[in-house]
Amino acid sequence: MERDDLAIDGLLRELARAPGGDDHAFVARVLARTQHPAPWKPAAFAAAILVAMGMVYAMAPEAPTGRIDFAHQSCLLPDAVRMRVLAKEAASERLYLLGEVAMDAVPRVPASTPLLFQAVGRDGLAIWTAPSFVKVRPTPSTPGLMLDRKSARRVDFARDVKPILDLHCSGCHAEAELVREGVTPFEARRSRLVTQTHAPISSDDRRQLALWVDLGACVRP
Ligand code: HEC
């Protein structure tokens, strides 16, 4: 037998061993036929594997999600234009941005996972951070905006913040001191690292510094 035929043979033998009603008989019939090598082609083999993988993927249980509605928050936070959902990194407990949405959005988020909400003003800086984490109850799946891996954003000091300071600030300042004295965690708008004006930096860079501070300014020099 060719290598592909051997592989198919092995696969089918495995399938035949697995318990299962009609499929079992079907596989046994197919298996009987492969004793006289059938003209399987590599392409057909690959297609069969892809179909099998698709079935496994479709059957994989989805992580439960729940909805959050920020509508009632907009009364309490009239200056808020967007809401952030922050989540904890599993290994390090560091916070990352799971997603940021308009106040009237009703996004779906991972259920039973500690989340921290943060309101953002027109200037893109946090104006309020919830005092504690909440867990959202799982609710039946309905289509809609999902905050998950795809919308997530991480800000890492070494990768995203230090290069900005190296380029624009370190010529005149000791970086550790600048960060120690110029940062109030979760409050970029009160952090001179972000609000200073004597060293002009691009608005993208300023947003990056601000997001790092608003996410708690973890891992500092
Ligand atoms: C050309 C030199 C120079 C550069 C570049 C520079 N600074 Fe400064 N910075 C100064 C001086 C001088 C002071 C005043 C020192 C003092 O009062 O102790 C200062 C003060 C500060 C202060 C405290 C007072 C304030 O303005 O709030 C902060 C915070 C600060 N700088 C942040 C930064 C940041 C962030 C950068 C980079 C984006 C930067 N600086 C780049 C020279 C510089």
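Please refer to the structure higher up on the page.
Quick notes on the rules
- Residues numbered from 1 in each chain as written.
- Predicted model: local features only at pLDDT ≥ 70, side-chain atom pairs only at ≥ 80, totals over all residues.
- Pairing = 2+ DSSP bridges.
- Helix = DSSP H or I, 4+ residues; strand = E, 2+ residues; numbered from the N terminus.
- Axes fitted to C-alpha atoms, helices over the stretch in contact; angles between N-to-C directions.
- Expected span 1.5 Å × (residues − 1).
- Buried ≥ 20, exposed ≤ 12 C-beta atoms within 10 Å, placed from the backbone.
- Contact = placed C-beta atoms within 7 Å.
- Near = placed C-beta within 6 Å.
- Nonpolar A, V, L, I, M, F, W, Y, C, P; charged D, E, K, R; others polar.

*Asks:* Just to check I follow, could you spell out the sheet that holds strand β6 (residues 126-129) for this structure?
*Replies:* Whenever strands of a sheet pair, they do so through backbone hydrogen bonds, lying parallel or antiparallel. Strand order in this open sheet of four strands is β3-β2-β5-β6, and the pairing throughout is antiparallel. Lying at the two open borders of the sheet, with one neighbouring strand each, are β3 (95-102) and β6. Averaged over all pairs of adjacent strands, the angle between strand axes in this sheet comes to 30°, irrespective of strand direction. By the bridge criterion, six bridges tie strand β2 (residues 82-88) to strand β5 (residues 115-120) in an arrangement that is antiparallel. Within β5, the residue paired with R84 across the bridge is Q118.

*Asks:* Explain helix α8 (residues 203-214) to me, please; I cannot follow it from the model alone.
*Replies:* A turn of α-helix holds 3.6 residues, and therefore any two residues three or four places apart point the same way. Compared with the 16 Å implied by 1.5 Å per residue over twelve residues, the 16 Å span of α8 between its first and last C-alpha is a close match. Restricting attention to buried positions, one finds in α8 the residues R206, L209, A210, L211, W212, V213 and D214. Lining the buried residues of α8 we find β5, β6, α5 (157-168) and α7 (192-195).

*Asks:* Can you help me understand the site of the ligand in this one?
*Replies:* In the vicinity of the ligand there are 13 residues, among which C169, C172, G182, R192 and A199 approach most closely. Elements that contribute at least two residues to the shell around the ligand include exactly α6 (175-182) and α7. Here the shell around the ligand is built from residues that sort into six nonpolar, six polar and one charged.

Any link to function would need more than the numbers given here.
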